[in-house]
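A structural walkthrough
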Amino acid sequence: MFLTCMETVTKELVSWMRGHESSVFSISVHASGKYAITTSSDTAQLWDLDTFQRKRKLNIRQSVGIQKVFFLPLSNTILSCFKDNSIFAWECDTLFCKYQLPAPPESSSILYKVFAVTRDGRILAAGGKSNHLHLWCLEARQLFRIIQMPTKVRAIRHLEFLPDSFDAGSNQVLGVLSQDGIMRFINIQTCKLLFEIGSLNEGISSSAISPHGRYIASIMEDGSLNIYSVQALTQEINKPPPPLVKVIEDLPKNKLSSSDLKRKVTSGRVQQPAKSRESKIQTRILKQDLTGDFESKKNELPDGLNKKRLQILLKGYGEYPTKYSTLIDKGTHVAFLNLQKKYPIKSRKLLRVLQRTLSALAHWSVIFSDTPYLPLLAFPFVKLFQNNQLICFEVIATLIINWCQHWFEYFPNPPINILSMIENVLAFHDTELLQHFIDHDITSQLYAWPLLETVFSEVLTREEWLKLFDNIFSNHPSFLLMTVVAYNMCSRVPLLNCNLKDDFEFFFHHRNNLDINVVIRQVYHLMETTPTDIHPDSMLNVFVALTKGQYPVFNQYPKFIVDYQTQERERIRNDELDYLRERQTVEDMQAKVDQQRVEDEAWYQKQELLRKAEETRREMLLQEEEKMIQQRQRLAAVKRELKVKEMHLQDAARRRFLKLQQDQQEMELRRLDDEIGRKVYMRDREIAATARELEMRQLELESQKRLYEKNLTENQEAVAKEMRADADAYRQKVDLEEHMFHKLIEAGETQSQKTQKVIKENLAKAEQACLNTDWQIQSLHKQKCDDLQRNKCYQEVAKLLRENRRKEIEIINAMVEEEAKKWKEAEGKEFCLRSAKKASALSDASRKWFLKQEINATVEHAENPCHKEEPRFQNEQEDSSCLPRTSQLNDSSEMDPSTQISLNRRAVEWDTTGQNLIKKVRNLRQRLAAQARHRCQTAHLLAA
C-alpha cells in the first residue's frame, strides 16, 4: 500500500509514501504541518512532510489491533488508542511515552471504536457499541464524566465536536452519530440535547463539520449529500461566552465512582447569558492584573482581543481576508517563476510557500518584484509560519511597513539613510570600532546591511533568532537598528582582529560565537543611553497595524525608478524570452541532429551487427553444407550397399524362379505323359489344374510386384493399368485358344485310334508350344517388372532432386546427364521389349496357323476317312517341332495369305502398343527434364 501527496493549487504529484502492508484508514497531521501519522490495522507510521520520509513506525502484537492514532491539537502529543481499550500518550519529538490513561470502571466498560478531541486538546470523547459516552480529561488523566445516550442509541458510529468562535477551542457541543442514522448534538456540560439531524427514513452514513462550525456536511444512506446550517438549526451556538471569572471548587481527594460520573442526556436548549459590559471589563481587569499596564497598552487591539488571543484564533479558526485571497488567486508572480534556481531549497513544501508569499508581496506592491533581498528577508518567517500562510504574509507585511521604514527611498541602492543612522549610533558608542572599519575601507553596507537584509537569520540559530525577534516585535521599530549596532559592539574583539575585507564579509554572513542574551541587553542599553538627536526612534514612526479588510497601499519608494526598472526588466525579460525561444529552437534542432546522429550510429551499429550475424550464419551454413555433403556421402554408400544387396536378392530370386520354372516344366511334362493315357473327360480337369497352377504362379509374381510397387507414383499406376489391360487381353487370348483346343478335341473324339494318337501327339506338341509361350510371357512379365523397378529408380532420383535443391549446378547437370543415360538405357530396353513382343506375336500367329491346319486336316479326314493323308513332315526325326521356323514365318511367299494378314495385323497392334509406351516414356522424361531445369533456376536464384 502507498500514499500520495498532491499539491492542492497546481494539482501536481509531490511524493509517494510507501510502507503500509494493509489499507490505511486514518491520517492525522500535526498542527505545524511538519509531521503526519498514517494508521492501518497492524501499524502506525510517523512521516516527515518536509522530506516525505518515514521517521518512526509503531509495531504492535498481532493479537492487539490499532483503533486510531492521531495528534492532539495545539500540542506535540500523539494519542494511540488500541482495541483492548488501552490509550497511550507519546511525545512527538522523542516518542517517549508520557502517560497511559487508566482503565474505565467495570460497570461502564465498553470497547472504544470512535474518538473525538476538543480543539484545545483537553477533553477526549470515546464511544463504541453502547449508548454510553466516556469523557476523559487529558490534563488530569482521568475519566470525569459518563454520558448515557437515549435508549434508541445502541451503538455510536462517529463523534465530532462542534467548533465555537468564542470558546477558544474548549468545545462544549458534541455531535454523536448513532446506528439509526441520526446525529444528535449534545452539550457535554449540561448533558442536554440541542438539536439533531437525519431521520429513520433518511439516515446519515457519515458527517463532517466545517472548521468554523457554521456548516455540517452529511452523506446520506441513499448516496445524497446534505449540507446543514448550524445557525438555522439553533440560535444558542456561536453566542458570546459567559463571564470567564468563575469559582473553581477543589476536586475531592477520593476517586470518583461511575455512579457519580454518569449523567443522562435530557432534551432542551442551553440558555447562555449574553456577555455584558461588566464581564468584558472584568476580562480586561483580569488581563491587567496578570500582565501589567505596559503589556496591555502594547498588546491591546480593536474589539478587545490581544495579540496572543488573536494568534490563537487565527491559527485555529481564522479565515483568509478577501484581499489576501485575491493576491493568492493571482498565482505565481513572473519575477519568482525560477526562484528554485537562485535559491535552491531542499524542502519542496518550503519552496512553494516561499514562492507564494513572495508572489503575494509582489502583487501587493510592484517594488517587491524587483527587491533582490526580499527572499532573504522573508525566508525565516516563511520557515516559521509555513503552515499558516496568512500569518506569514501579514507578519512580513507588518515587518516591512514598521521595521523596514525608509528602506526603499534610495531603491535600488541600500537604504543610505538607515545605514547612516546605524553608523551615527556606532560612532557615538564605539568610536574605535568605527575607525577600524574606516581604516580598512569597510562601510555600513558591509557591517550593517547584511544583517538587516537577512534579519539576522544567517548569523543566528533558530532559538536565538526567535528570542531576538520576541524582543524586536515587542519594542519600537528602532529596536532592529539598535540590534545591528549592538551585534557589532558585542563582536568588537574578533572584528578588531580582522584586517581583510574577505574576513569581514565572512563574519557578517556566518554564525559566530556570540551570546544573544548579551546582545539583547546591549540593545536595551543603547535604547536608553543613545542621545535623542541621533536616536532612530525620532526618525521612525511608531507601530502601525495592518488595516482591516484591505491591506494598506505601500508606495514608499521612488516610483519613477521602480517603473523604469520594471520597464527595463520587462524589456530584458522579453528579450530573454525571445533569446530563450531562439535557444530552445536551436536546442530542438541540435536535439534533432543529435537524435539523427544517434539513430545513424545505431543504424550503422545494427548494420555491423547484421553483417557479423550474416557472416556467422554463412559460416554455419557452410558447416551445415559440409555436414550435409558428408551425410550424403554416407547415404550414397548406404544406397550402394543396398543396391548391391538388392541385386544379389534379385539374382537369387531370378535363379530360384528359373529353377522353379524348370521344376514346373518337368512336372508339366510328367503330367502331360500321364494325361495322354487318361480318358477325355480327365483332360478338362488337367487343363483346369494347369490353369490353377498358372494362377498360383501369377499370384507369386503379383506378390513380388506389390513389393516393388509400394512407393510408385500415379504414372506407375497408369503403367500398371496398361499391364493389367495386357494381362486381360492375354487371358482372353488364352481362353480363345483353349476354346479352339476344345473344339479340336471334340472334333477328334469320333476318329479312330490312330487318328486319336496323332491328335494326341499333335496336342502334346501344341501344349508344349503353349508352355514355351508361357515361358516367353513370364520373361516378358519379368521385363515389365524391370521397367517398374527402373521407374521406381527414376522416382527416387526425382525425390532426391527435390530434397537437394540447393546443390551446385554441376551436381544437378551431372544428375541430368546420368538421367539421360538412364533414359537411353530405358530406350534400349524398350527396343528389346518391342522385339520380344514382336517375337511373341509371331509365335501366336504360328500357333494359330498350326491349330488351323490341324482343324482343317481333321475336317478333311472326317469327310473322307479313306483318303490317305499326305505326310506334312518328311522326317519326324529331322524336325522336333511342328511349328514353322522364324525364317519360314518371316517369308511371306511360303505362308498362307490369311495367316500372313493375321500376323501383319498382330504385328501392327504390337507396334502401336510399343509406340504408345515409347510416347508415354518420352513424355515422362520431358516432365522430369522440365522439373530439373526448374530446380536449376531456383538454385541460381537462391545463390543470387
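Above this text sits the structure in question.
Counting from 1, residues in each chain are numbered in the order their sequence is written. The predicted origin of the model limits local features to residues at a pLDDT of at least 70 and limits the giving and counting of side-chain atom pairs to 80 or more, whereas totals for whole chains, interfaces and linings rest on all residues. Neither water nor hydrogens contribute to the side-chain values; these are computed over all heavy atoms in the structure.

Here's the deal with the side chain of Thr483
Only runs of H or I of at least four residues qualify as helices and only runs of E of at least two qualify as strands under DSSP, and these elements are numbered from the N terminus. Of note, Thr483 is situated in helix α16 (residues 478-490). Thr483 sits in the buried class, given a relative accessible area of 0%. Here the side chain of Thr483 touches Phe479 through a polar contact of 2.7 Å, landing on its backbone oxygen. Setting aside residues no more than four positions away along its own chain, Thr483 makes contact with Phe456, Leu468, Ile472, Val519 and Val523. Note on exposure labels: buried denotes an accessible area under 20% of the residue type's maximum, exposed denotes more than 50%, and partly exposed covers the range between, all computed with a 1.4 Å probe on protein chains only. Here a polar contact is recorded for every N or O atom pair within 3.5 Å, except that within protein the pair must consist of a potential hydrogen donor and a potential acceptor, and residues adjacent in sequence are included only if both atoms are side-chain atoms. Contacts are residue-level and defined by heavy atoms, with any inter-residue pair within 4.5 Å sufficient.

Some remarks on the pattern of salt bridges
What counts as a salt bridge is simple: a side-chain nitrogen of Lys or Arg found within 4 Å of a carboxyl oxygen of Asp or Glu. Within this structure, the stated rule accounts for 17 salt bridges. Close ionic contact of Glu615 with Arg611 constitutes a salt bridge, the shortest N to O distance being 2.4 Å. Here Glu615 and its partner Arg611 are both found in helix α20 (residues 559-676), 4 residues apart, which amounts to about one turn of the helix. Classification of Arg611 by relative accessible area gives partly exposed; the value is 36%. Across the pair Glu825 and Lys829 runs a salt bridge, and its minimum N-O distance is 3.4 Å. Of the two residues, Glu825 and Lys829 both sit in helix α24 (residues 809-863), 4 residues apart, roughly one turn of that helix. Residue classification places Lys829 among the partly exposed positions, given a relative accessible area of 32%. One salt-bridge network, in which partners are shared between bridges, spans Asp120, Arg122 and Glu139.

What to know about the nonpolar core
In terms of nonpolar packing, the biggest core is built from 86 residues, with Trp364, Trp407, Leu452 and Phe456 touching the most fellow members. Residue contributions to this core peak at 10 residues, all from helix α10 (residues 389-402). Residues within four places of Phe456 in sequence aside, it is in contact with Leu451, Trp465, Leu468, Leu480, Thr483, Val484 and Tyr487. Nine residue types can take part in a nonpolar core, namely buried Ala, Val, Leu, Ile, Met, Phe, Trp, Tyr and Cys, and a core is a set of them joined through side-chain atoms within 4.5 Å.

Quick look at empty space enclosed by the protein
Once rolled over the atoms, a probe with the size of a water molecule shows which space is left empty. The way it works is a 1 Å grid over only the protein atoms, where trapped points that fit a 1.4 Å probe form a cavity and open points with protein on both sides within 12 Å along at least five of seven lines form a pocket, and then any residue with an atom within 4 Å of a point lines it. Grid points are joined across faces, edges and corners, and a volume is the space filled by probe spheres set on the points. Within this structure, the stated rule accounts for 3 cavities of 30 Å³ or more. For the largest cavity, the calculated volume is near 90 Å³. If you trace the largest cavity, you find it lined by Gln661, Gln664, Gln665, Glu668, Arg697, Leu771, Asp774, Trp775 and Gln778. When residues of the lining of the largest cavity are traced back to their parent elements, those giving at least two are α20 and α23 (753-803). Throughout, the ten residues Ala, Val, Leu, Ile, Met, Phe, Trp, Tyr, Cys and Pro are labelled nonpolar, Asp, Glu, Lys and Arg are labelled charged, and all others, Gly among them, are labelled polar. Per-class residue counts for the lining of the largest cavity are 2 nonpolar, 4 polar and 3 charged.

Some remarks on the packing of helix α9 (residues 374-384) against helix α15 (residues 462-472)
Working note: a packed helix pair is described by the angle between its axes plus the distance between those axes. Where α9 meets α15, the axes come as close as 12 Å, and the angle between the chain directions of the two elements is 100°. The orientation of α9 with respect to α15, classified from their angle, is roughly perpendicular. Counted together, Pro380, Phe381 and Leu384 of α9 and Arg462, Trp465, Leu466 and Phe469 of α15 form the full contact between these two elements. Axes here mean lines fitted to C-alpha atoms, for a helix over just the part in contact, with angles spanning 0 to 180 degrees between N-to-C directions. The cut-offs work like this: below 35 degrees is roughly parallel, past 145 is roughly antiparallel, 65 to 115 is roughly perpendicular, and the gaps in between are oblique.

Considerations on the sheet that holds strand β19 (residues 204-209)
For two strands to be treated as a pair, DSSP must find at least two bridges joining them. Spatially, β19-β20-β21 is the arrangement adopted by the 3 strands of the open sheet, whose pairing is antiparallel. The open sheet has two edge strands with one neighbour each: β19 and β21 (225-229). Strand-to-strand, the axes of this sheet are offset by a mean angle of 20°, without reference to chain direction. Bridge count for β19 against strand β20 (residues 215-220) is 5 bridges, and the pairing is antiparallel. Each bridged residue has a counterpart across the sheet, and for Ser206 the counterpart in β20 is Ile219.

Focus: the sheet that holds strand β3 (residues 24-29)
Taken in spatial order, the 4 strands make up an open sheet running β3-β4-β5-β6, and their pairing is antiparallel. The open sheet has two free edges, formed respectively by β3 and β6 (53-59), since each of these has just one partner strand. Going across the sheet, the axis of each strand differs from the next one's by a mean of 20°, ignoring polarity. Pairing between β3 and strand β4 (residues 35-40): 5 bridges, direction antiparallel. The residue bridging Ser26 from the neighbouring strand is Thr39, located in β4.

Geometry only, nothing functional implied.
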